[in-house]
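# What the coordinates show
Listed here are the chains, written in short residue letters.
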Amino acid sequence: MTLADLSAGEPVFSVSYPVSRADLVAYAEASGDHNPIHQDEAAAKAAGLPDVIAHGMYTMGLVSRAVLEWATTADPDASLTDFSARFAKPVVVPPTGTEVAIEAKVRGVEAGSVELAITVTSGGERVLAPARATLTY
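Residues numbered from 1 in each chain as written. Predicted model: local features only at pLDDT ≥ 70, side-chain atom pairs only at ≥ 80, totals over all residues. Heavy atoms only, no water.

## Focus: the sheet that holds strand β4 (residues 113-122)
Spatial strand order, β1-β3-β4-β5-β2: 5 strands in an open sheet with antiparallel pairing. At either end of the open sheet lies a strand with only one pairing partner, and these are β1 (11-19) and β2 (79-87). For this sheet, the mean angle separating the axes of adjacent strands, direction not counted, is 20 degrees. Inspection of the sheet shows β2 paired to strand β5 (residues 125-136) by 7 bridges, in the antiparallel sense. Counterpart to Ser 79 in the pairing with β5 is Thr 136. (Pairing = 2+ DSSP bridges. Helix = DSSP H or I, 4+ residues; strand = E, 2+ residues; numbered from the N terminus. Axes fitted to C-alpha atoms, helices over the stretch in contact; angles between N-to-C directions.)

Rendered as C-alpha cells:
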C-alpha cells in the first residue's frame, strides 16, 4: 500500500511512547528550556500544576516522530510538509512517568498529498487538539 491508496477516515497508525522525568531533563539540556515546571515538582505545584509537566515542544516532537516513523514504512519518499497542533492540556509526568498515546487517521487525500487528523492523549486526557500533519509524495 502507498499513500496514494489511502482514503478519508482510514486509520493509519496507533503508537504510544513512555515519558520519564529523565527524558524531560535531557530535553531541557538539548533545547535550553530550563523552566522549573518541567523538572521540579515543588515549582510545578507552586505554579498551580498537578505535577511536573512535559515541554509542549517535546510532546509535538513525539507526534512528528510517530508520523515520520509511519510514513517511512508507508512511502519512503514521503515528506512531512505541514504540522500543526494546539496545546489543549499539559502532559503531566509523575515520578513513575507516563505515556503519550498517538493515533492518526486520514483526514483527506489530494493528488500528491495526504492530510492526517491526529489524536494525542496522556493520562486519559487529550493533550493536543486539533493536531494535523500533511505528507507529500
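## Overview of helix α3 (residues 56-74)
Under the 1.5 Å per step criterion, the end-to-end length of α3 is 27 Å for 19 residues, consistent within 8% with the ideal 27 Å. Buried within α3 are the following residues: Tyr 58, Thr 59, Met 60, Leu 62, Val 63, Ser 64, Ala 66, Val 67, Trp 70, Ala 71 and Ala 74. For α3, the elements touching its buried residues are β1, α1 (21-31), β2, β3 (98-110), β4 and β5. (Expected span 1.5 Å × (residues − 1). Buried < 20%, exposed > 50% of the residue type's maximum accessible area, 1.4 Å probe, protein only. Contact = heavy atoms within 4.5 Å.)

## With respect to the packing of aromatic side chains
Here a ring pair, both rings aromatic, is described through the centre-centre distance and the interplanar angle of the planes. Here the structure, examined in full by the defined rule, presents 2 aromatic pairs. Where Tyr 27 meets Tyr 58, the ring centres are 5.5 Å apart and the plane angle is 75 degrees; that geometry is what we call edge-to-face. Pair noted here: Tyr 27 is in helix α1 and Tyr 58 is in helix α3, with a separation of 31 residues, a long-range link. Overall, the relative accessible area of 15% leaves Tyr 58 in the buried class. (Phe/Tyr/Trp six-rings, centres within 6.5 Å; stacked < 30°, edge-to-face > 60°.)

## Remarks on α1
Two residues of an α-helix separated by three or four positions point the same way, owing to the 3.6 residues in each turn. Where α1 is concerned, the buried positions are Arg 21, Leu 24 and Ala 28. Mapping the buried residues of α1 onto a view down its axis gives an arc of 50 degrees, with all of them on the same face. The outward face of α1, more than 90 degrees from its buried face, is lined by the exposed residues Ala 22, Glu 29 and Ala 30. Those residues of α1 that are buried lie in contact with β1, α2 (41-46) and α3. Directly beyond the C-terminal end of α1, a positive phi value near 85 degrees is found at Gly 32. (Arc of directions from axis to C-beta.)

## Brief notes about the pairing of β5
Examined bridge by bridge, β4 and β5 share 9 bridges and lie antiparallel to one another. If you follow Ser 113 over to β5, its bridge partner there is Thr 136.

## Concerning the nonpolar core
Grouped together as the largest cluster of nonpolar side chains are 34 residues, with contacts concentrated most on Phe 13, Trp 70, Ile 102, Leu 116 and Ile 118. When residues of this core are traced back to their parent elements, those giving at least two are β1, α3, β3, β4 and β5. Residue contacts for Trp 70: discarding those within four places in its chain leaves Leu 3, Leu 6, Val 12, Phe 13, Leu 116 and Leu 135. (Core = buried A, V, L, I, M, F, W, Y, C linked by side-chain atoms within 4.5 Å.)

## A few points about the pairing of β4
Taking burial as the measure, the 10 residues of β4 include 7 buried ones, the bulk of the element. Bridge count between β3 and β4: 9 bridges; the pairing is antiparallel. Bridging from a neighbouring strand, Ala 101 pairs with Thr 121 of β4. Hairpin connection from β3 to β4: 2 residues lie between these consecutive antiparallel strands, with Gly 112 at a positive phi of about 85 degrees. Linking two consecutive strands that pair antiparallel, namely β4 and β5, is a turn of 2 residues; a positive phi of about 60 degrees is found at Gly 123 within it.

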